[in-house]
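# Tertiary structure, described
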Amino acid sequence: MANEEDDPVVQEIDVYLAKSLAEKLYLFQYPVRPASMTYDDIPHLSARIKPKQQKVELEMAIDTLNPNYCRSKGEQIALNVDGACTDETSTYSSKLMDKQTFCSSQTTSSTSRYAAALYRQGELHLTPLHGILQLRPSFSYLDKADAKHREREAANEAGDSSQDEAEEDVKQITVRFSRPESEQARQRRVQSYEFLQKKHAEEPWVHLRYHGLRDSRSEHERQYLLCQGPSGVGNTELGKSPSEYLLMLMPPSQEEEKDKPVAPSNVLSMAQLRTLPLADQIKILMKNVKVMPFANLMSLLGPSVDSVAVLRGIQKVAMLVQGNWVVKSDILYPKDSSSPHSGVPAEVLCRGRDFVMWKFTQSRWVVRKEVAAVTKLCAEDVKDFLEHMAVVRISRGWEFLLPHDGEFIKKHPDVVQRQRMLWAGIQAKLEKVYNLVKETTPKKPDGQAGPAGLVPGDQRVQVAKSRAQQNHMLLEQELQRKKEQVRASAVLPGVRIKEEPLSEEGEDEEEQAAEGGEPMDTSPSGGLQSRLTNGLPAGWAAGGDSFNGHPTPGCASTPVAQELRAFVEATFQRQFVLTLSELKRLFNLHLASLPPGHTLFSGISDRMLQDTVLAAGCKQILVPHRQVLLEIFSKNYRVRRNMIQSRLTQECGEELSKQDVDKVLKDCCVSYGGMWYLKGTVQS
């Protein structure tokens, strides 16, 4: 109290609120210029504003007669910006940089606490500021100079190129439909920098007329900074109580509410989710998760939810695949929607996704190319289907996302049976639409999920391989038994027979063939005997093992030998050069295309296949440096002789004679027009 008595009021000043310029008053700041060097006396050539953005541009003249001005640099800048010719669109019409542009930027988004004050005759008049802008020099003329330079370079390049070259640059384009934009994507796009820049550019400029500080119009406008009317009549804003006046001076901050992130429209908290009906809860969860075990669904819905009601609801929005629930296709692709990649209607997308789901009921693995070939959909759509329910494995395909849930299948056999019936109907529809060939499949054991349907090719190959291995073991056992019988009957008592191993040459050749790296010969010829240029070493063809359980190459009386001989001849008529590993791969594919119970499923060993190839007229010539040739021709289908000779010399470590190089080239290659090609790769 003592301090207040010692500090008396010296003067009372009336404060008035002027509102005439409240929506038009801006404060300009020049941060790169000291306060002592103002722009008041510098001629202002033009001014313009974008009111919504509060963006201002001022164009001021430059004193070109000042001794500090570099005239040669100004001429160079004008030449770079406008070029040699001058017209109405030129930035510098005097061929000299004689002006500069100032562009504004906002210092603060909220100016509600700032005002311009004018003290006159013992009264303080306040006018709220509409914006506070900082003006800095703009260097947009440099961008224009760069654009001119690029245009000149493009014109020079276009002038040098001919019309024929332009036609060669024509490329094929792919037409794609635009992706339907979701609400979340729209919000991201609206908040993106590119969208904001485009929005700002759309607002038109409003051109203004600049009046100097001492201009009569400026003097007239400054009168509006004073409150109009005698004694401040009409200023009811200041007739407030002390608490209201304090609230006006210090309004509550709204920044926290503005900065609070908005959750996407398709996201619900668990508390919000549990306020919805049970059917809607299940639909929303399955639509977002797409694949879920029943136990996880129950844990999300809460312990108080009846499992019977959940089972009844889940069957309306999902299908059972390997004991797990996968959301139905019509939930993800409503009736009036279309593909974001190809634009195909929702009906086609649902049918393609149902095919993928059905494939996973048959096997844990699905190949994307196989699905695309059947459904005739683009690769992006098929990838979307697979990403919903599978994970990609390198060099193996797509594996189902979740492990097989056998516990659910055992616990709910009635639901499983009902789902099998639904899948049977879907399978019949898919077979009709996609013209699938129905195979007779073995009966599945009890407890195994999935309806009976088509047998994939990889499963047929695996079955054929397992049967061949079993038959091979039986044949080996029979061979050993016959050998023991012969020894027991032919050997005299007390006489021992020394067993000699095969020749080293034969062993090396067998090892080489087993590893798939056997040499090849590709000499061209006309007939079948000469065109089949792959074969086996002569040591393999000299006689057969009388106890190996397989017919000799010349014996074509059995149906198995006849079928195998027909396959070999048909294969080598289509492909002249084949390695043993490639032939075995083609034979496995041939087995996969045969119906179950075919004679070739009885078991074909590698030795029997080799004997049949030799009997069909194939031959094999040991060619040195074959691997080097394969490496050379794997990179380019035609090469020059000097490249082959240099690679062979580098591989051998010594200079090869011309006769050695000629022998290698004649055995494996053919020459056309000075270039060497691998035999069998060039049409005669």
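Predicted model, so just to flag it, every value in this text is computed and none were measured.

How each quantity is defined
- Residues numbered from 1 in each chain as written.
- Predicted model: local features only at pLDDT ≥ 70, side-chain atom pairs only at ≥ 80, totals over all residues.
- Heavy atoms only, no water.
- 1 Å grid on protein atoms, 1.4 Å probe; cavity = no way out; pocket = protein on both sides within 12 Å on 5 of 7 lines; lining within 4 Å.
- Points joined across faces, edges and corners; volume = space filled by probe spheres on them.
- Helix = DSSP H or I, 4+ residues; strand = E, 2+ residues; numbered from the N terminus.
- Nonpolar A, V, L, I, M, F, W, Y, C, P; charged D, E, K, R; others polar.
- Buried < 20%, exposed > 50% of the residue type's maximum accessible area, 1.4 Å probe, protein only.
- Polar contact = N/O pair within 3.5 Å; in protein donor to acceptor, adjacent residues only side chain to side chain.
- Pairing = 2+ DSSP bridges.
- Axes fitted to C-alpha atoms, helices over the stretch in contact; angles between N-to-C directions.
- Phe/Tyr/Trp six-rings, centres within 6.5 Å; stacked < 30°, edge-to-face > 60°.
- Lys NZ or Arg CZ within 6 Å of the ring centre and 35° of its normal.
- Core = buried A, V, L, I, M, F, W, Y, C linked by side-chain atoms within 4.5 Å.
- Contact = heavy atoms within 4.5 Å.
- pLDDT = per-residue confidence, 0-100.
- Salt bridge = Lys/Arg side-chain N within 4 Å of Asp/Glu carboxyl O.
- Parallel < 35°, antiparallel > 145°, perpendicular 65-115°, else oblique.
- Left-handed = near helix turned anticlockwise from the far one by under 90°.
- Patch = residues over 30% accessible without salt bridge, like charges linked within 9 Å, V, L, I, M, F, W, Y side chains within 5 Å.
- Areas by Shrake-Rupley, 256 points an atom, 1.4 Å probe, with all protein chains shown as cover.

## What about the layout of surface pockets?
- Approximately 1,600 Å³ is the volume found for the largest pocket.
- Taken together, 36 residues make up the lining of the largest pocket; nearest its centre are Leu 25, Tyr 26, Phe 28, Tyr 210 and His 211.
- Secondary-structure elements contributing two or more residues to the lining of the largest pocket are β2 (26–29), β3 (44–50), β4 (55–61) and α7 (216–222).
- Per element, the largest residue contribution to the lining of the largest pocket is four residues, and it comes from α7.
- When the residues that make up the lining of the largest pocket are grouped by side-chain class, the tally is 21 nonpolar, seven polar and eight charged.

## Points about the side chain of Glu 57
- In this fold, Glu 57 is placed in strand β4.
- Look at Glu 57 and you get buried, because its relative accessible area is 16%.
- Side chain to side chain, Glu 57 and Arg 48 meet in a polar contact 2.8 Å long.

## Section: the environment of Asp 384
- Looking at where Asp 384 falls in the secondary structure, it is placed in helix α17 (residues 379–389).
- Asp 384 gets classed as partly exposed once you look at its relative accessible area, which sits at 21%.
- Along the backbone, Asp 384 and Arg 353 are 31 residues apart, and their C-alpha atoms lie at a distance of 9.1 Å.

## Regarding the sheet that holds strand β1 (residues 14–17)
- Overall, mixed pairing links the three strands, which are arranged β1-β7-β6 in an open sheet. Where the open sheet ends on each side, the last strands, each with one partner, are β1 and β6 (115–120). Between one strand and the next, the sheet's axes are offset by a mean angle of 25 degrees, whatever the strand orientation.

## Brief notes about the packing of aromatic side chains
- One pass over the full model with this rule turns up 13 aromatic pairs.
- Here the aromatic cluster, defined as three or more aromatic residues joined through ring pairs, consists of Tyr 30, Tyr 39 and Phe 102.
- Over the aromatic face of Tyr 39 sits the side chain of Arg 33, whose NZ or CZ is 4.2 Å from the ring centroid.
- We note Arg 48 situated over the ring of Trp 205; from NZ or CZ to the ring centre the distance is 4.1 Å.

## Here we look at the pairing of strand β7 (residues 123–128)
- By the bridge criterion, four bridges tie β1 to β7 in an arrangement that is parallel. By the bridge assignment for β7, Val 15 is matched with Leu 124.
- Here β6 runs beside β7; their pairing, made up of six bridges, is antiparallel. Opposite Ala 115, over in β7, you have Pro 128 as the bridge partner.
- Here β6 folds back onto β7 in antiparallel fashion, the turn holding two residues, of which Gln 121 has a positive phi close to 55 degrees.

## Overview of the nonpolar core
- Ranked by internal contacts, the top residues of the largest apolar core, which has 53 residues, are Met 286, Ile 314, Trp 325 and Phe 360.
- Among the elements that take part in this core, helix α15 (residues 346–362) stands out by supplying eight residues, more than any other.
- Contacts of Met 286, omitting those with residues within four sequence positions, involve Met 292, Ile 314, Val 317, Ala 318, Trp 325, Val 326 and Val 327.
- Core analysis: the next-biggest nonpolar cluster, separate from the first, contains 19 residues, Leu 583, Phe 587, Leu 600 and Phe 601 among them.

## So, the side chain of Gln 134
- With respect to the helices and strands, the residue Gln 134 is situated in strand β8 (residues 131–138).
- A polar side-chain atom of Gln 134 sits 3.2 Å from a polar atom in the side chain of Gln 29.
- Setting aside anything within four residues of it in sequence, one finds Gln 134 in contact with Gln 29, Pro 31, Cys 103, Ser 104, Ser 105 and Thr 107.

## What to know about the sheet that holds strand β14 (residues 390–393)
- In space, the three strands of this open sheet follow the order β13-β15-β14, with antiparallel pairing throughout. Of all strands in the sheet, those bounded by a partner on one side alone are β13 (365–366) and β14.
- Bridge count between β13 and strand β15 (residues 397–400): two bridges; the pairing is antiparallel. Paired with Val 366 across the two strands is Trp 398, which belongs to β15.
- Across the sheet, α15 is in contact with β13, β14 and β15; its angle to β15 comes to roughly 75 degrees.

## Side note on unusual backbone geometry
- Even without being glycine, Gln 121 reaches a positive phi, approximately 55 degrees.
- Topologically, Gln 121 is positioned in the loop between β6 and β7.
- If you check the backbone angles, Gln 322 has positive phi at about 55 degrees while not being a glycine.
- Mapped onto the elements of the fold, Gln 322 is located in the loop between β11 (318–321) and β12 (324–327).
- Residue classification places Gln 322 among the buried positions, given a relative accessible area of 8%.

## Here we look at the confidence of the model for the protein
- Model confidence for the protein is summarised by a mean pLDDT of 76, while 77% of its residues fall at 70 or above.
- Segment residues 162–166 is flagged for pLDDT under 50; beyond a separation of four residues in sequence, or across chains, it makes zero contacts in the model.

## A look at the pattern of salt bridges
- Counted under the stated rule, the structure contains 15 salt bridges.
- Measuring nitrogen to oxygen at the nearest pair gives 2.6 Å for the salt bridge that ties Glu 219 to Arg 222. A residue pair is termed a helical-turn pair when its members lie 3 or 4 positions apart in one helix, as Glu 219 and Arg 222 do in helix α7 at three residues.
- Judged by its relative accessible area of 39%, Glu 219 falls in the partly exposed class.
- Salt bridges sharing common partners tie together Arg 364, Arg 393 and Glu 399.

## Re the packing of helix α27 (residues 626–635) against helix α28 (residues 641–652)
- Between α27 and α28, whose axes approach to 10 Å, the crossing angle comes to 135 degrees. Classified by the angle their axes make, α27 and α28 are oblique. When the axes of α27 and α28 are compared, the crossing they make is right-handed. Here Val 628, Leu 629, Glu 631, Ile 632 and Phe 633 of α27 come into contact with α28, specifically with Ile 644, Arg 647, Leu 648 and Glu 651.
- Of the residues that constitute the contact of α27 with α28, the class distribution is six nonpolar, no polar and three charged.

## Thoughts on the environment of Pro 345
- One can find Pro 345 in the loop between α14 (329–332) and α15.
- Taking the relative accessible area as the measure of exposure, Pro 345 reaches 48% and is therefore partly exposed.
- Separated by 12 residues in the primary sequence, Pro 345 and Tyr 333 have C-alpha atoms spaced 8.9 Å apart.
- When residues no more than four places from it in sequence are discounted, the contact partners of Pro 345 are Ser 337 and Ser 338.

## What about a nonpolar patch on the surface?
- A cluster of nonpolar residues, Tyr 245, Leu 246, Leu 249 and Met 250, forms a patch on the protein surface that exposes about 420 Å² of accessible area.
- Here Tyr 245 is to be found in helix α8 (residues 242–249).

## Considering the packing of helix α12 (residues 294–301) against helix α13 (residues 307–317)
- α13 packs onto α12 with a crossing angle of 115 degrees between their chain directions and a minimal axis gap of 11 Å. Handedness of the crossing formed by α12 with α13: right-handed. Together, Phe 294, Leu 297, Met 298 and Leu 301 of α12 and Ser 307, Val 310, Leu 311 and Ile 314 of α13 make up the contact between the two elements.
- When its residues are assigned to classes, the contact of α12 with α13 shows seven nonpolar, one polar and no charged.

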